[in-house]
Amino acid sequence: MYADPDISGATFRITAVNKRSYIKNALITLSVGLALNIMLGAAKLTVGLLSDSSAVMSDAFNNLSDAAVSVVTILATALSVRAADHDHPFGHGRYEYIATFVIGAAIAAVGAESLIGGIKRIIDPVDVDINITLYATLAAAVAVKGFMAVFYFVRGRRQRSETIKAACIDSVSDVAVTSVVLICAVAEKYSGAHIDGYVSAAVSLVILVFALRILKTTVSRLLGDRPDPVLYDKVRDIILSDENVISVHDIVINDYGAAHKIAEADAVLPADMTFAQVHKVCDALERKVRCDTGVRLSIHADPCERNDTRQNILSQLIDSVVEPYGAAAHDLYIDDANKTVSLDIRMPEGGAPETEIAEQVKARIRTELPYEVIICIDYI
């Protein structure tokens, strides 16, 4: 007797509520950052202009660029909550990733401009008017940016927002940069050495490094990287929790924003189950995944003839070849009418010798069955 799953679909409403809460909290977080960045940028720019410090002005432009980017991010986050429509059936969640890319690009532009200014100041140094106002402003900026880094870290981790995480990284870099500017201002005051241009250039390089890291991560997201391993394992474990499921493979999780993910998976079920039974199991698992993770899952059922002696023997032979490489085989199918054996082999993370593995598998299968072997290599 097959298990009769009983999972209510009423919990679907929770996902929508969580999504609205996610957007609301993200907007509050980003608005706080916007206000603080405007205040810091204006204060540093004023002090930088009065003291004629290239390093302080570079730091000010960094804060003002953060403020400008925060405006773009707030708009993008607000747009991301829009419901799916005819032209965008998967929603608008990726607006947030686009905003993160804008953050990285803007930071990179500011870093490049500051680097040019620093180099010019190295070539043509000037005396900087360093006073107590400059010290106080920079010290206050370090404290405020430190608070912002912690604030973003806590909120970003709680909401799993890539935009807020990017802002946290930027705030940490600002703490380091402003601290260096402050220390060098003290050093220049008491040594008389013209190091303002060198500090400005160093600050710019740090800004560029962080910008490139943000851009690399965001581009990877937009291209389609591997899903969060914790989420992947959660989805897999839920599917395997049903006693009817023999195994699961080809789990694909498509990311359309932090609050909107769509997945598909192949679940292996006994071939002697009826169509109605298979549908009931798959439908219940899809609902449970949606309820527990917020991921919208579609399950493809693969039949397994557990009493097929030939298939069991071939499976054991294939596993003996692929498992030492960390690979795994699935979707084994014997077609006696066309005299073919087809299967998929999933390569491990880090890669493996595909051609060598495929040839060994073909040779091992032909020792038991003289059929043509068709192998599909995948990395999912």
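Preceding this section is the structure that the text describes.
Residues numbered from 1 in each chain as written. Predicted model: local features only at pLDDT ≥ 70, side-chain atom pairs only at ≥ 80, totals over all residues. Heavy atoms only, no water.

Engineer: Go over the sheet that holds strand S2 (residues 261-270) with me, naming the residues and quoting the values.
Structural biologist: One open sheet holds the three strands; their spatial order is S1-S2-S3, and the pairing between them is mixed. Each end of this open sheet is capped by a strand with a single partner; those strands are strand S1 (247-255) and strand S3 (295-304). Neighbouring strand axes in the sheet, compared pairwise and without regard to direction, differ in orientation by 15° on average. Summarising the sheet, S1 and S2 pair through seven bridges and their orientation is antiparallel. Pairing of Asp 255 across the sheet is with Lys 261, part of S2. (Pairing = 2+ DSSP bridges. Helix = DSSP H or I, 4+ residues; strand = E, 2+ residues; numbered from the N terminus. Axes fitted to C-alpha atoms, helices over the stretch in contact; angles between N-to-C directions.)

Engineer: Before we move on, could you go through the environment of Val 268 and cite the residues and values that matter?
Structural biologist: On the secondary structure map, Val 268 appears in strand S2. Here Val 268 falls in the buried class, since its relative accessible area comes to 9%. Counting along the chain gives 63 residues from Val 268 to Asp 331, while the straight-line C-alpha distance between them is 8.9 Å. Filtering out sequence-adjacent residues up to four positions away, Val 268 remains in contact with Asn 244, Val 245, Ile 246, Ser 247, His 249, Asp 302 and Cys 304. (Buried < 20%, exposed > 50% of the residue type's maximum accessible area, 1.4 Å probe, protein only. Contact = heavy atoms within 4.5 Å.)

Engineer: Before we move on, could you go through helix H4 (residues 132-159) and cite the residues and values that matter?
Structural biologist: Three or four residues apart is the spacing at which side chains of an α-helix point the same way, because the helix has 3.6 residues per turn. The end-to-end C-alpha separation of H4 is 40 Å, in line with the 40 Å expected for 28 residues at 1.5 Å each. Just past H4, the residue Arg 160 takes up positive phi, approximately 55°. (Expected span 1.5 Å × (residues − 1).)

Engineer: Summarise the sheet that holds strand S5 (residues 340-346); cite the residues concerned and give the values.
Structural biologist: One open sheet accounts for three strands, arranged S4-S5-S6; its pairing is mixed. The open sheet has two edge strands with one neighbour each: strand S4 (328-335) and strand S6 (372-378). For this sheet, the mean angle separating the axes of adjacent strands, direction not counted, is 15°. Relative to S5, S4 is paired through six bridges, and the arrangement is antiparallel. Residue pairing across strands places Asp 335 opposite Thr 340, the latter belonging to S5. Helix H9 (residues 309-322) rests against S4 and S5 of the sheet, and its axis sits at about 145° to S4. Sheet contacts for helix H10 (residues 354-366): S5 and S6; angle to S6, the most-contacted strand, approximately 150°.

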